[in-house]
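# Fold and geometry: a report
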Amino acid sequence: MPAPIRLRELIRTIRTARTQAEEREMIQKECAAIRSSFREEDNTYRCRNVAKLLYMHMLGYPAHFGQLECLKLIASQKFTDKRIGYLGAMLLLDERQDVHLLMTNCIKNDLNHSTQYVQGLALCTLGCMGSSEMCRDLAGEVEKLLKTSNSYLRKKAALCAVHVIRKVPELMEMFLPATKNLLSEKNHGVLHTSVVLLTEMCERSPDMLAHFRKLVPQLVRILKNLIMSGYSPEHDVSGISDPFLQVRILRLLRILGKGDDDSSEAMNDILAQVATNTETSKNVGNAILYETVLTIMDIKSESGLRVLAINILGRFLLNNDKNIRYVALTSLLKTVQTDHNAVQRHRSTIVDCLKDLDVSIKRRAMELSFALVNGNNIRGMMKELLYFLDSCDPEFKADCASGVFLAAEKYAPSKRWHIDTIMRVLTTAGSYVRDDSVPNLIQLITNSVEMHAYTVQRLYKALLDDISQQPLVQVASWCIGEYGDLLISGQCEEEEPIQVTEDEVLDVLEGLLVSNLSSPVTRGYSLTAIMKLSTRFSSVNRIKKVVSIYGSSIDVELQQRAVEYNALFKKYDHMRPALLERMPIMEKTASNGPTEIVQTNGEAEPSVVEPKHPPPVGQPASQGNDLLDLLGGNDVPVIPTTMPTKPASAGGELLDLLGDLSLGGPAPAPPAPASQPPFLLDGLSSQPLFNDIAAAGIPPMTAYNKNGLKIDFTFERANPNPNVAVITIHASNSTEADMTDFVFQAAVPKTFQLQLLSPSSNVVPALNQGTVTQVIRVLNQQKQQLRMRIKLTYIHKGSAVQDLAEVNNFPPQSWQ
Amino acid sequence: MQFMLLFSRQGKLRLQKWYVPLSDKEKKKITRELVQTVLARKPKMCSFLEWRDLKIVYKRYASLYFCCAIEDQDNELITLEIIHRYVELLDKYFGSVCELDIIFNFEKAYFILDEFLLGGEAQETSKKNVLKAIEQADLLQEIKTLMVYQKKYM
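Quick summary incoming for the structure in this document. (Residues numbered from 1 in each chain as written. Chains lettered and ligands numbered in written order. Predicted model: local features only at pLDDT ≥ 70, side-chain atom pairs only at ≥ 80, totals over all residues. Heavy atoms only, no water.)

## A short note on the overall build of chain A
- Secondary structure summary: chain A contains 36 helices and 10 strands in total.
- By the burial criterion, 56% of the 816 residues in chain A qualify as buried.
- Restricting to contacts in chain A with at least 6 residues of sequence separation, those with at least 24 account for 68%.
- Accessible surface, chain A as shown: approximately 35200 Å² in total, 51% of it carbon and sulfur. (Helix = DSSP H or I, 4+ residues; strand = E, 2+ residues; numbered from the N terminus. Buried < 20%, exposed > 50% of the residue type's maximum accessible area, 1.4 Å probe, protein only. Contact = heavy atoms within 4.5 Å. Areas by Shrake-Rupley, 256 points an atom, 1.4 Å probe, with all protein chains shown as cover.)

## Some details on the interface of chain B and chain A
- With 64 residues of chain B in contact, the opposing surface of chain A contributes 68 residues.
- When the two sides are added together, the surface that chain B and chain A hide from each other amounts to roughly 6000 Å², 56% of it contributed by carbon and sulfur.
- Here chain B is connected to chain A by 27 residue pairs in polar contact (both at pLDDT 80 or more).
- Elements that contribute at least two residues to the side of chain B that touches chain A include exactly β2 (13-18), α1 (24-39), β3 (48-51), α2 (76-94), α3 (99-104), α4 (106-116), β7 (121-122) and α5 (127-153) of chain B.
- Counting residues per element, the side of chain B that touches chain A draws most heavily on α5 of chain B, which supplies 13 residues.
- Its residues placed into classes, the side of chain B that touches chain A shows 27 nonpolar, 14 polar and 23 charged. (Buried area = accessible area lost by both parts, 1.4 Å probe. Polar contact = N/O pair within 3.5 Å; in protein donor to acceptor, adjacent residues only side chain to side chain. Nonpolar A, V, L, I, M, F, W, Y, C, P; charged D, E, K, R; others polar.)

## Concerning the pattern of salt bridges
All names here are of chain A.
- Taken as a whole, this structure holds 53 salt bridges over all chains when the rule is applied.
- Salt-bridge contacts for Arg325 lead to Asp356; the nearest nitrogen and oxygen are separated by 2.6 Å. Of this pair, Arg325 sits in helix α17 (residues 322-335) while Asp356 sits in the loop between α19 (347-352) and α20 (359-372); the two residues are 31 residues apart in sequence, bridging distant segments of the chain. Residues Arg325 and Asp356 agree in their burial class; the two are buried.
- Of the charged contacts, one joins Lys710 and Asp712 as a salt bridge, the two residues approaching to 3.4 Å between their closest N and O atoms.
- Residue Lys710 is classed as partly exposed on the basis of its relative accessible area, which comes to 30%. (Salt bridge = Lys/Arg side-chain N within 4 Å of Asp/Glu carboxyl O.)

## Considering the packing of helix α3 (residues 43-58) of chain A against helix α4 (residues 67-75) of chain A
Residues and elements named next belong to chain A.
- Their axes nearest at 10 Å, the elements α3 and α4 cross at an angle of 130°. Taken together, α3 and α4 sit at an angle that is classed as oblique. Crossing handedness for the pair α3 and α4: left-handed. Across the interface between the two elements, Arg46, Cys47 and Val50 of α3 pack against Glu69, Cys70, Lys72 and Leu73 of α4.
- Among the residues forming the contact of α3 with α4, the class breakdown is four nonpolar, no polar and three charged. (Axes fitted to C-alpha atoms, helices over the stretch in contact; angles between N-to-C directions. Parallel < 35°, antiparallel > 145°, perpendicular 65-115°, else oblique. Left-handed = near helix turned anticlockwise from the far one by under 90°.)

## Quick notes on the sheet that holds strand β4 (residues 54-61) of chain B
Residues and elements named next belong to chain B.
- Spatially, β2-β1-β5-β4-β3 is the arrangement adopted by the five strands of the open sheet, whose pairing is antiparallel. Pairing within the sheet leaves two strands with one partner each, and these edge strands are β2 and β3. Looking at each pair of strands side by side, their axes are set apart by 20° on average, direction ignored.
- One ladder, built from four bridges, connects β3 with β4; its direction is antiparallel. For Glu50, the partnering residue across the bridge sits in β4 and is Lys55. (Pairing = 2+ DSSP bridges.)

## As for the pairing of strand β1 (residues 3-8) of chain B
Residues and elements named next belong to chain B.
- When you tally the buried positions in β1, you get six out of six residues, the bulk of the element.
- Residue alternation in β1 divides its side chains into two sets, Phe3, Leu5 and Phe7 and Met4, Leu6 and Ser8, and both sets are buried.
- Sheet topology note: the β1/β2 ladder contains five bridges and is antiparallel. Among the inter-strand pairings, Leu6 is bridged to a residue of β2, identified as Leu15.

## So, the environment of Ile70 of chain B
Residues and elements named next belong to chain B.
- Note on placement: Ile70 falls in strand β5 (residues 64-70).
- Classification of Ile70 by relative accessible area gives buried; the value is 2%.
- As a C-alpha pair, Ile70 and Met1 span 69 residues in sequence and 4.5 Å in three-dimensional space.
- In this structure, Ile70 is in contact with Met1, Leu54, Lys55, Val57, Asn75, Glu76 and Thr79, ignoring residues within four places of it in sequence.

## Side note on helix α15 (residues 283-298) of chain A
- The end-to-end C-alpha separation of α15 of chain A is 23 Å, in line with the 22 Å expected for 16 residues at 1.5 Å each.
- Judged by how many residues are buried, α15 of chain A sits mostly within the fold: 15 of 16 residues are covered. (Expected span 1.5 Å × (residues − 1).)

Set out below in structure tokens:
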């Protein structure tokens, strides 16, 4: 068997391979040779073969069959074998395989070897890849070596101990005695590794931390010597003495000084000294300054020192070296919360970093910029950030857009500015904006009542330019649907109003429906917007046509909408104005605000006025027509339930009711009572109860009697809840003319709660030919005397009549 | 430090030192991804990048990239100094080191690294001491081999 080829030879040969296939062939051939050599248990060439195997492993080829051979090499007495064997172990073995445990005995022996370089190999291997079991077995040996006077071994033992502690934290205690005089060493290697060991122990155990605090003076002294001592060629790096040791000491001081006044004070001077005296022309000096700044910011340093630290960071920001700038931005980001004002001073430099070429620097500068935005600098900062948004990489756009929205929400100086900013974001980064921004923006727009005309105009113009950005298109179509009337009326206070015709608007919206750029969600938005315009525009026929076309759309969502809207046109046309009225101002709930509205429809938009129920549109109308036929069985009163909720909330304050229950008012009011279809489940069900009331024993009373209008109250206790009084009003008209548009409203004192259900009709026929009934429910938990203020409005003989009255003559049984 | 990788501009691995336990498969995956990420960086970019939950510090010396993965609390700037120190050690040892030296003498590159760093931390901050130790160990190799030779042939 010829001698296996040398390592260098193999490397040279493999490098001559011109293709991957050729290389693989060579490797396979050599592997086969190596395998047979291993089988022969050849001691002489084992080392050479394993070395070759390691090379092939680095190229990416499997080498597991060499694992045991590494162990044999480690057990050999030849230093060369041990060197390669340990290297092989570190490269090929890992702690998941049981094979590695076989190493333990060898390492133990080698830790006690007569030659320090062999001991060194063992320590290195254990410290690099020792498993928990191995560490447990060999911790004692390591601890012994930690106490040796041989600095070559001591420094290695210290780092090996660090590894042991990381693997088996419980063993930390056993190294404590050996640490006693580690810091009195002169040898820098031992000092450095000792500081690392102490750092590890302090980080892991608060007890150790407290114990080692007493070392602060010693550490300060060592650091001082390093700075003050003259040139030491052995440890010098660009004029600085042992920067590695300085940085490690500073880091340990940081841990020891954190949260401790005395320690922090003891290190104050040295920190100031390092901060002012360190040479900053090279990276190494800046590395030390960086660590110093981190330490100053973390411990309880006095304010002068903190300002010094922030100023160092500020200087870093102006450094040509981008690494330094990066590090500065990272540190400033950490301190911006605690030292906000100091960081603000460097705001302009930070903003300049937005224009840096490096991606990481840009990202940090962006995060920091958002952290620095406040009420004073919002306008200037936003200009810069919007400019950044224009030109930044796509990976930033989503975060930047969200940041802009948040900042705008918090600090917007005016509503117009806010809307302009949002428009800018939507037009420049429209497709990257997060999904939840659309409902949030819609909510914001709804609440800026005075800006509606301006907003819809700007959005319309934006749509004319570009319909590819979905969030923009969705918000725009929603707004056009809501405020289309403002758009064509040509009123706009904020800027020059544009002249738009209904057809042009409808063209745009229909364009969205057919465009390939529109997502299904967007199409839904635009169809609903078109529908809403049917009550705001006069070209109803055109809208009807569009809606009916989509009744056979392939998109199920669109189809359903179109069919329902069609139904609105055909059978339920009288309901259309009510349904498509302006949206009220939305309350932003703590978590998701408008998404609540979103979910209740099961649709992706809050555009339809029907909150909180998915019943088909058809039912209420049938109820309306068959009013008199209805008996207790019907149970889906759609529109009416909006009625009771309104007065119930208003009913608390005696005065409030009459203030905000303004009939036919603008946006805030839900559908005004006057337009309610005259059907009412409860009103009907109370009629049969009419007879029960007498049986219940509470006498009826006359609440109001004036100008021919008489209102009687009849009472009943609600069965499940005796605290609730159910009052039915009966309005009758003794004059010779009908009272039309009759509306009855009531308010009760704060301690009561009132619920007003829909009236049976809003025409009180003349000459007592009929009555209008309406049910009031009063919750009287505190059993106080019932008082009520009522307001009546109606039209009589062509003129509007309005009257207020107090009702105090409630029979005691009604509230006791 | 969690690991250090040396690779060429074509993405060929020249040295890999792992200080955390990972399976071979994981190591290969990390190596592949990281090499790709670093090679994609433009020359003007800074030497630091965030990758997964680690900080990566890299520097290019001639045709070789030296790449270290450090933890959140480690100092990036001093890591650059560590990389530089390692290059200086190689340079002193090989005499104007180039990539070929490291290819043909990879085991020596490992030995030098293991004399400078242990468990991911610097064990010796004096250049002189590291080189002295390597020198002595090399000598030990020679002597033992010589003794074998002498035993066999004399």
